[in-house]
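A closer look at the structure
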Amino acid sequence: MKRVLAIETSCDDTAIAIVDERGTILSDVIYSQVEEFKLFGGVVPEMGSRAHIEQILPLTKRCFEEANLTIKDIDAVAATFAPGLIGPLLVGAQFAKGIALARNIPLIAVHHLEGHVLAGYFLPDFPKAPFISLIASGGHSALYLCDEHFSIELLGETLDDAAGEAFDKIGRALGLGYPAGAKIEKYAEHGDPKRFNFTIAMQREAHFNFSFSGLKTKALRYLAELSHDDTSKADLCASVQEAIASALSERAMRACKSRGIYSLVLGGGVAANTRLRTLLEQECKNNDIALFLPPKRHCTDNAVMIAKVALLRLQKGLFSDMKTDVRATLSIGQKDCLYHTALP
Ligand code: KG4
Ligand code: ZN
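1. Quick word on the nonpolar core
Counting residues in each nonpolar core, the largest one holds 65 residues, and the members touching the most others are Val77 and Ile108. At nine residues, helix α10 (residues 304–316) tops the list of elements feeding residues into this core. Ignoring any residue separated from it by four or fewer positions in sequence, one finds Ile108 in contact with Ala76, Val77, Ala78, Ala79, Ala310, Arg313, Leu314, Leu318, Phe319, Ser320 and Tyr339. One finds Ala136, Leu215, Ile244 and Cys284 within the second-largest nonpolar core, a separate group that totals 50 residues.

Next comes the structure, spelled out in structure tokens:
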């Protein structure tokens, strides 16, 4: 049974996992740097790189201990090579290259967003391709079409802020700290989603792009006029959450119907949001669309999703090599440039 060691360090989580070729998770560990960045209200890339350097070795050791395996039991090593913060990406990629060289095993470079798209792959109810994928995270909000060959076409994306970024910026203004998505969700539980009106930009237009910066500006304007009591905060959180969830769901339904593809997969950190999940469940039911929701732990950044992509490349005999470089930006359509060589 082949096993992949996977490393994810594209932003502020150091994540390591070991997954076998059937998709069974043998170990899945994460060190989140969130506490370190609370003071700054966001990620400081150089601090992130240093924290990854400190954490990567002890975390990898813990990952092996939890799986009850040693490095000799690993058949390939994978890491996120793009897109992301260049310093943090370099830490994970160089670490993976070192292991691949030392152990003479294949190296597989992975595109972070393909990881989010395929986070649920190998789970029994994961749909057969083609399917539409809605990815909403702190850095990205996009709709993709994934075909039988794992070729991924971008259907639409945010023209300004990502959904998670909008949650985080509004949350910061509300004094909820960073990241704020989960905290806005908590406040929203007791709020009135109809109290504040947010017109959803570009709804019913022909394309599938998103725009969240207008919503953010409007929320900040409401906030300036509001007394900051708990009821108002809760109402604003509920209204913002409803607007973001509706915008994501509306584009996703339209993309499925216009392409005649009746399978939808959700991914990215915002996919952990319960209101978004419930709304998509309702809308998919109304439109006869099969919906796949990954477990919440595997919506936010993790290394299991990187391992799953790597296993698919391993099956196909597609590998990277020591010349493969990390890339701060790389569209998902260009992911195949990460694979230079056939079987070593
Ligand atoms: O995918 P992810 O872990 O990192 C990126 O690649 O960006 O996503 C992090 C984003 C943050 O913006 C965070 O506020 C948001 O996901 N998030 C949520 C929830 N949990 C995380 N947004 C809304 N509701 C949540 N429950
Ligand atoms: Zn992510």
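2. Some remarks on the packing of aromatic side chains
Applying the stated rule across the entire model yields eight aromatic pairs. Where Phe126 meets Phe292, the ring centres are 5.0 Å apart and the plane angle is 70 degrees; that geometry is what we call edge-to-face. One end of the pair, Phe126, is in the loop between α4 (112–117) and β6 (131–136); the other, Phe292, is in strand β10 (residues 290–292), and 166 residues separate them in sequence. Note on Phe126: relative accessible area 10%, which makes it buried. For Phe292, a relative accessible area of 2% gives the class buried. An angle of 85 degrees between the planes, with centres 5.5 Å apart, marks the rings of Phe198 and Tyr222 as edge-to-face. With Phe198 in the loop between α6 (181–188) and α7 (213–225) and Tyr222 in helix α7, this pair connects stretches of sequence that are 24 residues apart. Relative accessible area serves as the criterion here: at 8%, Phe198 is assigned to the buried category.

Parameters and conventions
Residues numbered from 1 in each chain as written. Chains lettered and ligands numbered in written order. Predicted model: local features only at pLDDT ≥ 70, side-chain atom pairs only at ≥ 80, totals over all residues. Heavy atoms only, no water. Core = buried A, V, L, I, M, F, W, Y, C linked by side-chain atoms within 4.5 Å. Buried < 20%, exposed > 50% of the residue type's maximum accessible area, 1.4 Å probe, protein only. Helix = DSSP H or I, 4+ residues; strand = E, 2+ residues; numbered from the N terminus. Contact = heavy atoms within 4.5 Å. Phe/Tyr/Trp six-rings, centres within 6.5 Å; stacked < 30°, edge-to-face > 60°.

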